[in-house]
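Here's the letter readout for the chains.
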Amino acid sequence: MDQEITASEQLTSNGQLRHLLNLKGLDQPWIQEILSQSEHYLRKPGEVPARDDSLAGRTVANLFFEASTRTRASFELAAKRMSADVLNLDVNTSSRIKGESILDTIYTLQAMQADVFVIRDASAGIPALIASKVDPHISVLNAGEADVSHPTQGLLDLLTIRQHKGNFENLVVTIIGDIAHSRVARSASEGLRIMGTRELRLVSPSGLQASPEYYPDAVITEDMNAGLEGADVIMMLRIQRERIKEKTSLMTDHEYRKRYGLTKDRLKLARPDAIVMHPGPMNRDVEISGEVADGPQSVITQQVTNGLAVRMAILAAISSGKSQQ
Ligand code: CP
């Protein structure tokens, strides 16, 4: 099921975005442009949110076969603010629980003229499988695929870093937590590599460590202090308990907090202007103290705001491809 879709299959022959399945193979100018487009959709708190008609007459179907708050809500708001018809399939009351396959669910919604499928699934390869089967005018957007890929999260993380740091070439980025099961770390590292980031450090306890095949240029360590020393950007991750079968091997929350929790004192090891990121959902006072999560270096709520803007920019990019069909 773990299929690779290349950049050329995500883009049409005119270079327009058709599917977004991963960041691998997309180039730096394309990413810089989508980040700049995302900025157009940002508004200050209290202002009327950005709106346009670029998806008028189109139908966006959100199919989340795994839990989500941020990604699902932001894709729904993004599509509505761009005047699409939006279908949020309630998985628990859909015919999938009667045994219908995911492809039959997709073909059913395709027959109702859905144009865009936003997919989150716990199995690797599902977004690419669907992309390979749908009609040519249909787009598939990966909203989180097992531990493999979460490309819109990767883009919103890049946007947040660009807003604070301007460039990537001089940055040390440290990701701390359960890298082994993290699609967020996979997409962030793909994006950071494309943007030419100077150094990526991955810090985890043994058993939750990154597999070097997915992180060819990264420094992989169990030493949190070494990972934090002089870092410009710190990205904290929760333990993805839902993906871990052998839970008895995990540390208790108390032990984890002692060894790998980001506290105000530990944060002092990083550069004074370091930013603290977390994709959410957070386990406060486990991987990150409440004081740091709500502190002056935290950009966590800005990541959420950027997530909506990035998803609007991605929907606009696929709609401009459709208007040429
Ligand atoms: N970051 C993220 O994907 O959050 P949700 O699981 O709430 O969508």
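Relevant structure appears above.
Bear in mind the structure is a predicted one, so any value in this text is a computation, not a measurement. (Residues numbered from 1 in each chain as written. Predicted model: local features only at pLDDT ≥ 70, side-chain atom pairs only at ≥ 80, totals over all residues. Heavy atoms only, no water.)

Further remarks concern the site of the ligand. The environment of the ligand is formed by Ser68, Thr69, Arg70, Thr71, Arg120, His150, Gln153, Pro279 and Gly280. Relative to its unbound accessible surface of 250 Å², the ligand loses 91% to contact with the protein. Judged by its atoms lying within 2 Å of the grid points, the ligand is housed in the largest pocket. Here the residues of the shell around the ligand are counted per class, giving one nonpolar, six polar and two charged. (Near = heavy atom within 4 Å. Areas by Shrake-Rupley, 256 points an atom, 1.4 Å probe, with all protein chains shown as cover. 1 Å grid on protein atoms, 1.4 Å probe; cavity = no way out; pocket = protein on both sides within 12 Å on 5 of 7 lines; lining within 4 Å. Sits in = over half its atoms within 2 Å of the grid points. Nonpolar A, V, L, I, M, F, W, Y, C, P; charged D, E, K, R; others polar.)

This next bit is on the nonpolar core. Generally speaking, a soluble globular protein has its nonpolar side chains buried in company with each other. Membership of the largest hydrophobic core comes to 58 residues, with the highest contact counts inside it found for Leu141, Leu155, Ile175, Ile314 and Leu315. Sorting elements by how many residues they give to this core places helix H12 (residues 300-323) first, with 10 residues. Leave out the neighbours within four places in its chain, and leucine 315 touches Leu55, Val60, Ala78, Ala79, Met82, Val116 and Leu141. (Core = buried A, V, L, I, M, F, W, Y, C linked by side-chain atoms within 4.5 Å. Buried < 20%, exposed > 50% of the residue type's maximum accessible area, 1.4 Å probe, protein only. Helix = DSSP H or I, 4+ residues; strand = E, 2+ residues; numbered from the N terminus. Contact = heavy atoms within 4.5 Å.)

Attention shifts here to unusual backbone geometry. With an omega dihedral of -5°, the bond running from glycine 280 to proline 281 counts as a cis peptide bond. Relative to the elements of secondary structure, proline 281 occurs in the loop between strand S9 (275-277) and helix H11 (290-293). Of note in the backbone geometry, alanine 146 takes a positive phi value of approximately 40° without being a glycine. Here alanine 146 shows up in the loop between strand S4 (139-145) and helix H6 (151-165). Positioned with a positive phi, aspartate 285 is a non-glycine residue whose angle comes to about 65°. Using a relative accessible area of 38% as the deciding quantity, one classes aspartate 285 as partly exposed.

All told, the structure shown has one aromatic pair when counted by the stated rule. Here the guanidinium or amino end of arginine 96 rests over the ring plane of phenylalanine 65, the centre of that ring lying 4.4 Å away. Positioned over the ring face of tyrosine 214 is arginine 186, at 3.6 Å from the centre of the ring. (Phe/Tyr/Trp six-rings, centres within 6.5 Å; stacked < 30°, edge-to-face > 60°. Lys NZ or Arg CZ within 6 Å of the ring centre and 35° of its normal.)

Taken as a whole and judged by the stated rule, the model has 16 salt bridges. Between arginine 243 and glutamate 66 there is a salt bridge, and its shortest N-O distance comes to 3.0 Å. Of this pair, arginine 243 sits in the loop between strand S8 (233-236) and helix H9 (253-260) while glutamate 66 is found in the loop between strand S1 (59-64) and helix H3 (70-81), placing the two residues 177 residues apart along the sequence. Pair check on accessibility: arginine 243 and glutamate 66 agree, each one buried. Here aspartate 273 makes a salt bridge to lysine 165, at a shortest N to O gap of 3.7 Å. In this pair, aspartate 273 sits in the loop between helix H10 (264-267) and S9 while lysine 165 sits in helix H6, placing the two residues 108 residues apart along the sequence. (Salt bridge = Lys/Arg side-chain N within 4 Å of Asp/Glu carboxyl O.)

The subject of this paragraph is the pairing of strand S6 (residues 199-203). Of all five residues that make up S6, four are buried, and the element is covered over most of its length. Judged from the five bridges that link them, strand S5 (residues 172-176) and S6 form a sheet pairing that is parallel. Bridging from a neighbouring strand, valine 172 pairs with glutamate 199 of S6. In terms of handedness, the path from S5 via helix H7 (residues 183-194) over to S6 forms a crossover that is right-handed. Where S6 meets strand S7 (residues 219-221), three bridges bridge the pair, whose relative direction is parallel. (Pairing = 2+ DSSP bridges. Right-handed = clockwise from strand over helix to strand, strands pointing away.)

For the pair helix H2 (residues 28-40) and H6, interaxial distance at closest approach is 10 Å and the crossing angle is 80°. Classified by the angle between their axes, H2 and H6 sit roughly perpendicular to one another. For the pair H2 and H6, contact is made by Ile31, Gln32, Ile34, Leu35, Ser36, Ser38 and Glu39 and by Leu155, Leu158, Leu159, Arg162 and Gln163, respectively. Of the residues belonging to the contact of H2 with H6, the class tally is six nonpolar, four polar and two charged. (Axes fitted to C-alpha atoms, helices over the stretch in contact; angles between N-to-C directions. Parallel < 35°, antiparallel > 145°, perpendicular 65-115°, else oblique.)

The residue glutamine 10 is located in helix H1 (residues 7-10) in this model. Classification of glutamine 10 as buried rests on a relative accessible area of 0%. Of note is the side chain of glutamine 10, whose polar atom sits 2.5 Å from the backbone nitrogen of leucine 21. (Polar contact = N/O pair within 3.5 Å; in protein donor to acceptor, adjacent residues only side chain to side chain.)

Now for the layout of surface pockets. The volume enclosed by the largest pocket comes to roughly 500 Å³. Lining the largest pocket are 30 residues, and of these Arg70, Thr71, Arg120, Gly280 and Pro281 sit closest to its centre. Sorting the residues of the lining of the largest pocket by element identifies H3, H6, H7 and H12 as the ones contributing at least two each. Ranked by residue count, the leading element in the lining of the largest pocket is H12, at six residues. A breakdown of the residues in the lining of the largest pocket according to their chemical character gives 10 nonpolar, 12 polar and eight charged. (Points joined across faces, edges and corners; volume = space filled by probe spheres on them.)

Attention now moves to H3. Along its 12 residues, H3 runs 16 Å from first to last C-alpha, staying within 8% of the 16 Å computed at 1.5 Å per residue. When we look at burial in H3, the residues that qualify are Thr71, Ser74, Phe75, Ala78, Ala79 and Arg81. Buried positions in H3, seen along its axis, are confined to an arc of 165° and lie on one side of it. Once H3 finishes, serine 83 follows within two positions and takes phi at roughly 70°, a positive value. (Expected span 1.5 Å × (residues − 1). Arc of directions from axis to C-beta.)

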